[in-house]
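Structural overview
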Amino acid sequence: MKTIRVGDQQLDLFAHDVSTSTPPVARPMAPPVLPVAPPIVADVPPAAVPPLVVPALPPLPSPPRSADGPPLRQLQLGPHLLEFALRRSTRRSIGFMIDDNGLRVTAPKRVTLAEIDNAIRAKQGWIISKLQERGERKVQRQQRPPVVWSDGAVLPYLGGEITLRLHQAPRHRASFQRDSGELHVWVTPTGTEQQLKEKVKAWFQHEARQLFEERLDLYAAKLGVRYDSLSLSSAGTRWGSCTVQRKIRLNWRLIHFALPLVDYVVAHELSHLLEMNHSPRFWATVESIYPDYDGAKQALRKRSQELPVLFN
């Protein structure tokens with residue numbers, strides 16, 4: 001017998017009323033219910049359910065493989081297969097460097113491969129995030145339309161734009177008119193587009209070296225340091241480096257950016273002469289000669305994604 005409870009009283013559902021002495025009135029019985037045959041259902045097979053398709057993850061950027069170099073190491077990180085280049089050195093700790101070409105690991109000779117793999121696993125969130133970010137940037141740059149190398153082409157220079165003017169001459173040469181913002185390039189009648197691009201690139205590199213030397217001298221005096229040498233690099237998106245031998249390398253493509261962004265990279269690399277790391281002391285050193293370093297760092301990242309494709 002089903003019951004429900006209301007307050008402290010218990011009520012019996014469908015129970016007889018026992019509060020009166022009158023016998024219950026007999027009620028007519030309901031007619032019997034005849035059994036009904038279940039409906040006939042045609043034997044229809046269930047609709048085919050398409051299998052769940054999980055999109056494949058895009059591969060992480062990997063360092064280029066050289067024929068004479070050591071093979072890349074591989075490490076499975078969840079659904080991601082990570083390939084990285086390993087280099088041994090005399091440094092005291094394991095270092096990671098990520099660029100458009102993937103991950104490069106530098107480790108002391110005494111560190112085992114298992115210890116290197118564990119160090120990567122400990123930082124796998126950061127490593128995968130940075131590699132995916134680099135991969136997306138690389139795709140975006142490759143999808144941007146390249147510059148059309150013809151008279152009147154617009155080229156990025158020191159945060160602004162200059163105009164390419166082409167002329168025919170017996171030999172190749174270039175001259176920049178700063179007042180009009182025009183780069184005049186003379187090419188031979190049989191000259192190729194590649195020769196034109198090489199001439200323009202050589203001019204950009206010449207401008208970059210002159211500017212970098214000037215800015216390095218300025219900020220080295222502010223910081224009270226001395227660098228040993230300057231060389232130009234053509235790295236994908238690595239804008240500078242500094243060695244313990246006081247040698248500084250700057251990416252000549254910085255000549256496309258505004259002067260404050262060039263100065264940030266210069267101040268950054270010179271600060272490594274005092275702090276060969278990225279510790280709070282290092283950033284305090286950068287801030288002492290370039291206060292808005294964080295804003296410049298973000299602007300450099302954004303601007304590098306907007307540059308047109310000039311040279312392969």
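Coordinates for the structure precede this section.
Everything in this summary refers to the structure shown in the same document. (Residues numbered from 1 in each chain as written. Predicted model: local features only at pLDDT ≥ 70, side-chain atom pairs only at ≥ 80, totals over all residues. Heavy atoms only, no water.)

Of note, I120 is situated in helix α1 (residues 113-122). The spacing of I120 and F96 is 24 residues in sequence and 8.7 Å in space, taken between C-alpha atoms. Among residues more than four places away in sequence, those in contact with I120 are L75, L77, L82, F84, F96, V105 and I127. (Helix = DSSP H or I, 4+ residues; strand = E, 2+ residues; numbered from the N terminus. Contact = heavy atoms within 4.5 Å.)

A separate point is the packing of helix α3 (residues 193-223) against helix α5 (residues 280-289). Between α3 and α5, whose axes approach to 9 Å, the crossing angle comes to 110 degrees. By the angle between their directions, the pair α3 and α5 is classed as roughly perpendicular. Two packed elements cross with a definite hand, and for α3 against α5 that hand is right-handed. Between α3 and α5, the contacting residues are Y219, K222 and L223 on the first element and T285, S288 and I289 on the second. In terms of residue class, the contact of α3 with α5 is made up of three nonpolar, two polar and one charged. (Axes fitted to C-alpha atoms, helices over the stretch in contact; angles between N-to-C directions. Parallel < 35°, antiparallel > 145°, perpendicular 65-115°, else oblique. Left-handed = near helix turned anticlockwise from the far one by under 90°. Nonpolar A, V, L, I, M, F, W, Y, C, P; charged D, E, K, R; others polar.)

To continue, consider helix α4 (residues 259-271). Here α4 is 13 residues long and its end C-alpha atoms lie 18 Å apart, about the 18 Å a rise of 1.5 Å per residue gives. With respect to burial, α4 is a largely interior element, 11 of its 13 residues being buried. Taken as a whole, α4 has its buried residues at L261, V262, D263, Y264, V265, V266, A267, H268, E269, L270 and S271. Against α3, β12 (240-242), β13 (247-251), α5 and α6 (293-306) lie the buried residues of α4. (Expected span 1.5 Å × (residues − 1). Buried < 20%, exposed > 50% of the residue type's maximum accessible area, 1.4 Å probe, protein only.)

In the structure shown here, the tally under the stated rule is nine salt bridges. E214 serves as the salt-bridge partner of R215, at 3.4 Å between the closest nitrogen and oxygen. Here R215 falls in the buried class, since its relative accessible area comes to 12%. With relative accessibility at 48%, the residue E214 sits in the partly exposed group. Across the pair D263 and R215 runs a salt bridge, and its minimum N-O distance is 2.8 Å. Residue D263 is found in helix α4, and its partner R215 is found in helix α3; the two are separated by 48 residues along the sequence. Accessibility classification places D263 together with R215 in one group, the buried group. Residues joined in a network through salt bridges with shared partners are D151, R165 and E182. (Salt bridge = Lys/Arg side-chain N within 4 Å of Asp/Glu carboxyl O.)

Before going further, it helps to examine the nonpolar core. Membership of the largest hydrophobic core comes to 52 residues, with the highest contact counts inside it found for L155, L183, V200, F204 and L270. Elements represented by at least two residues in this core include exactly β7 (154-157), β8 (160-168), β10 (182-187), α3, β13, α4, α5 and α6. Considering every element that reaches this core, the biggest residue donor is α3, with 11 residues. When sequence neighbours within four positions are dropped, the list of residues in contact with V200 reads W149, L155, L164, L183, V185 and F311. Ranked by size, the runner-up nonpolar core spans 15 residues in total, among them L75, F84, I116 and I127. (Core = buried A, V, L, I, M, F, W, Y, C linked by side-chain atoms within 4.5 Å.)

This brings us to the sheet that holds strand β9 (residues 173-177). As summarised here, the arrangement of the four strands in space is β7-β8-β10-β9, forming an open sheet in which the pairing is mixed. Unpaired on one side and paired on the other, β7 and β9 mark the two borders of the sheet. Averaged over all adjacent pairs, the angle separating strand axes in this sheet is 30 degrees, with direction ignored. Strand direction decides the pairing type here: β7 and β8, joined by four bridges, are antiparallel. Within β8, the residue paired with P156 across the bridge is E161. (Pairing = 2+ DSSP bridges.)

Glancing now at the packing of aromatic side chains. A complete count under the given rule lists 12 aromatic pairs for this structure. Ring geometry for Y157 and F176: centres 5.5 Å apart, planes at 65 degrees, overall edge-to-face. Of this pair, Y157 sits in strand β7 while F176 sits in strand β9; the two residues are 19 residues apart in sequence, bridging distant segments of the chain. F176 matches Y157 in its accessibility class, with the two residues each being buried. (Phe/Tyr/Trp six-rings, centres within 6.5 Å; stacked < 30°, edge-to-face > 60°.)

Such coordinate-based values are descriptive only and should not be taken to indicate function.
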